[in-house]
Amino acid sequence: MVWCSNDTRQRDGVVVLWRRTLLGLTLAGLWLIPLAGDAPAAPPQATGVSPRAVAPGEERDIVVTGSQLAGASAMWSTFLPQPAALTPDIEKNGTDAARVSFRATVPADAPLGIHAMRVVTPGGVSVPVAMLVDDLPLVAEQAGNGTREAAQPLTLPGAVEGRIDSLARDFYSFEAAAGQRVAFEVFARRLGSPLDPTLFLYREDGRELAFADDTEGLSSDCQLQYTFEEAGRYIVEIRDIRYAGGGGHFYYLRAGDFPCINVPYPLAVPREEGARVDFAGIGVAEASPMFVDASGAAAPWLHVASRLPGGNASAFATVTVSDSSEFVEHEPNSTSEQANRVAAGASLNGRLQEAGDVDCYRFSAKKGEQLRFAGQTRDVGSPTDLTMKILDASGKQLAAVDDQGTDEGWLDFTAPADGEFVLVVADLHRRGGSMHAYRVEVSPAGGDFELTADSNTILVPAGGVVAVTVNVKRRNYGGPIELFLEGPDEGNPTVPTVIGPGMNSAVLTLQVPADAQPGTFAATTIRGRARIGDRDVERTASLAGVVRGQWNQTVLVPAAVEENLAYAVVPPAPLNLSVQPGSITLGPGLSTQFEVAARRGEGIDEAVQLAINPPKNGVPGNVTVEVKPVAKGKETVTVVVKATEKAPLGRYTVVLTGTHKKGKATVTASTPGIELNLQPGLTATVAAPEGALQRGGELAVPVTVTRNPAYSGPVVVSLEKLPAGVTCENTTIPADQSSGMLKLKATGDAAAGPLKGVVIKAVAEGNAAVTANVALPAIEVK
């Protein structure tokens, strides 16, 4: 199972096989974690982490709280090049089910921003928990700061992590000089907290100076920037807007002189070129730009950061690394006459500078040329509700779009004639300002696809199988898509899986050998590839929907987390299923079978009910899988697969789920993916005979048939659409042969000339649904 062997190291007894990518982020790697104590019965549940943030270059003990943490021996994170081991010199550390401490050495080049961590135990790996890498000094909230009079002192610049109780408020006091500018930013929902934070800024006497709630684009988190007229002591209050609270309502409050960023500007930089990155947000006019070189980026994104001149803290964001050309707008471009001229196919980056602002882009296209324009704003932190419309040279509107469900809008445009066209971009509500950056991704409107998966945390029992559903959103492409986990073939647990033609999902299965060690852990991604026309297209499955469910429906999912899948080997399950053969072939009108074997552990002695996964649309249309239970006392069952004569051709994957019930206990297991190849029942080829068919004579025509593996019987071959005066007797190719001879006969008065439209028809004996037709080669009657 060893893969990702770019580097091998040993630290504190942990053998680490890892691949390090740009900025120290591990995207794919496998770790063999030594076990600590007895294996727990359930996967670890990490519900709290302290501190919530770490600084680049520091060594820090990180305490994780939750349940099922006994046996924990490592902490994986997107900011660490290898897992952190247990903190030494803590008695029984790693044996407590509710608390564990890890010692992390944070790389000096660890990128600022939102990251994630996971805890690994012999019982599996936890779901991701959000953390920050920040350059601000951090303190913890102290008890008793629930009134302005008892406000906890806070030294600027600084950050504080705290928790809000129900009906409670937290107060912090600080000193500010006359003319001093201070920014405040709360991370709560973006870190998975249910807190809907609100900030109030007061003078020491209680007079309110400023207020912030639901800063646009930040998933209900808030930012506030204020310049103080007078020196003195001031107070900042944080609370939930609805006074909700409790153990999970945590927050991370930053305070200092930094720009309040929501997104970078532009939102994307080209991979093959250096680029300047500015920023969108509050108080960003003086924010220092960052110059990035994306040519070595291993990931499709980069962390970027900025400071204000003389500022004492950084702000951070994530910029997309694009494989296309990226154009940045220049004003004025508010009318068609002022439109920025762009090359067709270049993606567009702009900012709606003020309320009512409109941006226009002029491009040329040939008649029939197809382009897709896809907006990108709110899912990355911009508040803009983007609208787009395309005008022709006369100003006539040809197409327009706002939203596509919960996504930003997209347009598929086909040029009606050669000429110039104008793309008009605006906010639906005519809003604008420094925060309103956007990107319009422009690409050929050819075939493509997007993938999503239903889990980002997978537990694979040693010797067993686990299933993950992968869904596809297709764009002008209906063919097969191969699924796999990123990484070398050696040790990769992926069972070959295909989303078949016309299917919108497939179940990807992972399988590890029986001797796989519990505690083995890997971080990777789910990939899909397809051949579309003359292009090889690969896409990575998004797990943003899964993360949102785990992080209290945050809109903003960090790029480092959105595609991250973790799987861990856990102790063997009491029930395992296998199939033989793992690949079956049949065709329209045919049937075949495979065997399901149940490896039963202690107590698994009842019938194992089998079902297709998923029950609906788990197999292609006009295909039936006749599942039966593995009977009580039996180890195997034969499953028959039938295809009607209308069954589609192509490669598919079928997965079965087994369920064992005994008393109140239910145990389930998955089969590995079964490769289902739907091929023609018969194919026929014919060799051109030598010479012509003479009047009153005969001519032998050799025919070869290829049988589908699901059919092994005789094949009857005949000729259809013969002209008058030409005949041919049917011939039968025996079951043990693949070729035969047709004998054409021509009467003495047969019409001279070529035989046209004659068809050779091959039919499976006794099964008229299994046929093949091929045209008779050019034969002339003389």
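Preceding this section is the structure that the text describes.
Quick caveat: nothing in here was measured; it's all calculated off a predicted structure. (Residues numbered from 1 in each chain as written. Predicted model: local features only at pLDDT ≥ 70, side-chain atom pairs only at ≥ 80, totals over all residues. Heavy atoms only, no water.)

## Remarks on empty space enclosed by the protein
- Here the structure, examined in full by the defined rule, presents 3 cavities of 30 Å³ or more.
- Around the largest cavity, the lining is made up of 17 residues, and of these Met 503, Ser 505, Ala 506, Gly 618 and Thr 653 lie nearest the centre.
- At the level of secondary structure, the elements contributing two or more residues to the lining of the largest cavity comprise strand E45 (497-499), strand E46 (505-511) and strand E57 (650-662).
- Ranked by residue count, the leading element in the lining of the largest cavity is E57, at 4 residues.
- Considering only residue class, the lining of the largest cavity consists of 11 nonpolar, 6 polar and no charged. (1 Å grid on protein atoms, 1.4 Å probe; cavity = no way out; pocket = protein on both sides within 12 Å on 5 of 7 lines; lining within 4 Å. Points joined across faces, edges and corners; volume = space filled by probe spheres on them. Helix = DSSP H or I, 4+ residues; strand = E, 2+ residues; numbered from the N terminus. Nonpolar A, V, L, I, M, F, W, Y, C, P; charged D, E, K, R; others polar.)

## A few points about the sheet that holds strand E49 (residues 535-540)
- Read from one edge of the open sheet, 4 strands run E45-E44-E48-E49, paired in antiparallel fashion. Two strands bound the open sheet, and with one partner strand each, they are E45 and E49. When the angles between neighbouring strand axes are averaged without regard to direction, this sheet yields 30°.
- Summarising the sheet, strand E48 (residues 526-532) and E49 pair through 6 bridges and their orientation is antiparallel. Paired with Gly 528 across the bridge in E49 is Arg 539. (Pairing = 2+ DSSP bridges. Axes fitted to C-alpha atoms, helices over the stretch in contact; angles between N-to-C directions.)

## Re the pairing of strand E50 (residues 565-570)
- Along E50, 6 of the 6 residues are buried, which leaves the element largely enclosed by surrounding structure.
- Inspection of the sheet shows strand E42 (residues 457-461) paired to E50 by 5 bridges, in the parallel sense. Directly across from Thr 457, in E50, lies its bridge partner Ala 566. (Buried < 20%, exposed > 50% of the residue type's maximum accessible area, 1.4 Å probe, protein only.)

## Observations regarding unusual backbone geometry
- The step from Ser 50 to Pro 51 runs through a cis peptide bond, and the omega angle for that step is 0°.
- Tracing the backbone through its elements, the reader meets Pro 51 in the loop between strand E4 (45-50) and strand E5 (53-54).
- In this chain, Asn 613 is followed by Pro 614 through a cis amide linkage whose omega measures -5°.
- Assignment of secondary structure puts Pro 614 in the loop between strand E54 (608-613) and strand E55 (623-626).
- Its identity as a non-glycine residue notwithstanding, Ser 219 has a phi of 55°, on the positive side.
- Relative to the elements of secondary structure, Ser 219 occurs in the loop between strand E19 (208-213) and strand E20 (223-227).
- For Asn 622, which is not glycine, the phi dihedral falls at a positive 65°.
- Within the secondary structure, Asn 622 is located in the loop between E54 and E55.

## Comments concerning the packing of aromatic side chains
- The tally for this structure, following the rule as stated, stands at 14 aromatic pairs.
- Taking the centre distance of 5.5 Å and the plane angle of 45° together, the rings of Phe 363 and Phe 373 count as tilted. Linking Phe 363 in strand E32 (residues 359-365) with Phe 373 in strand E33 (residues 370-376), this pair joins segments that are 10 residues apart in sequence. The pair Phe 363 / Phe 373 is uniform in exposure class, with both members buried.
- Summarising the aromatic geometry, the rings of Phe 413 and Phe 421 are spaced 5.3 Å apart at their centres and angled 70° between planes, so their arrangement reads as edge-to-face.
- Phe 421 gets classed as buried once you look at its relative accessible area, which sits at 3%.
- An aromatic cluster is built from Phe 174, Phe 184, Tyr 226, Phe 228 and Tyr 234, whose rings are joined through pairwise contacts.
- Stacked on the ring of Phe 258, the Lys or Arg Arg 254 has its end atom at 4.5 Å from the ring centre. (Phe/Tyr/Trp six-rings, centres within 6.5 Å; stacked < 30°, edge-to-face > 60°. Lys NZ or Arg CZ within 6 Å of the ring centre and 35° of its normal.)

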